[in-house]
Amino acid sequence: VFDRIDHVGIAVEEIESALELWRDGCQLDVAHREIVREQGVEAVLLDVGENHIELLAPLAPDTPVGKFLAKRGPGLHHIAYQVADIDAALAALADAGLPLIDKQPRAGIGGSRVAFLEPKGTGRVLTEIVEPAKASH
Ligand code: CO
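Each value, and the rule that gives it
Residues numbered from 1 in each chain as written. Predicted model: local features only at pLDDT ≥ 70, side-chain atom pairs only at ≥ 80, totals over all residues. Heavy atoms only, no water. Core = buried A, V, L, I, M, F, W, Y, C linked by side-chain atoms within 4.5 Å. Buried < 20%, exposed > 50% of the residue type's maximum accessible area, 1.4 Å probe, protein only. Helix = DSSP H or I, 4+ residues; strand = E, 2+ residues; numbered from the N terminus. Contact = heavy atoms within 4.5 Å. Arc of directions from axis to C-beta.

Peer 1: What exactly am I supposed to notice about the nonpolar core here?
Peer 2: It is characteristic of soluble globular proteins that their nonpolar side chains tend to be buried jointly. Within the largest apolar cluster, 11 residues are counted, these being Ile-10, Val-12, Ile-15, Ala-18, Leu-19, Leu-28, Val-44, Leu-46, Ile-53, Leu-55 and Ala-57. Those elements that place two or more of their residues in this core are α1 (15-25), β3 (41-48) and β4 (51-58). Beyond its immediate stretch of four places on either side in the chain, Leu-19 contacts Asp-24, Val-30, Arg-33, Val-44, Leu-46 and Leu-55. Counting 10 residues, the second-largest nonpolar core is a separate cluster that includes Ala-43, Leu-45, Leu-56 and Phe-68.

Peer 1: Whenever I open this one, helix α3 (residues 86-95) confuses me. Can you help?
Peer 2: Because each turn of an α-helix spans 3.6 residues, side chains separated by three or four positions end up pointing in the same direction. By the burial criterion, the buried members of α3 are Ile-86, Ala-89, Leu-90 and Leu-93. Take α3 and look down its axis: the buried residues cluster within an arc of 100 degrees, on one side only. Buried residues along α3 sit in contact with β7 (113-117) and β8 (127-131). Following α3 by one or two positions, Gly-97 adopts a phi angle in the positive range, close to 90 degrees.

Geometry only, nothing functional implied.
Now the structure itself:
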């Protein structure tokens, strides 16, 4: 059900210093930047060819990314796969017995729809599926 890797999520303490590394040092273009209050995160997508890396900085310590940083420190956070139809993909994964964090898609950045799978079902790799916003593709 996965078409390709959409992005690799990286947890960072703070966006501006992360941008100095990834935008300025590695010379990647910023494709999108958004504060997602309901997820307690500021996210920046940078282009890597047709794929992306996604920098995630917590808005507060008691958010999912804030707790991740407290426990594990900055670094790789999740891998996101692009799917054409997220409702069909979730149904197929559930049928295959994979445990889901999100039984229904939620709003992602840039008008996308996203859902996360339980890491215990995916070899302890937090896995996201993304249906891109229709207008951007
Ligand atoms: Co992501």
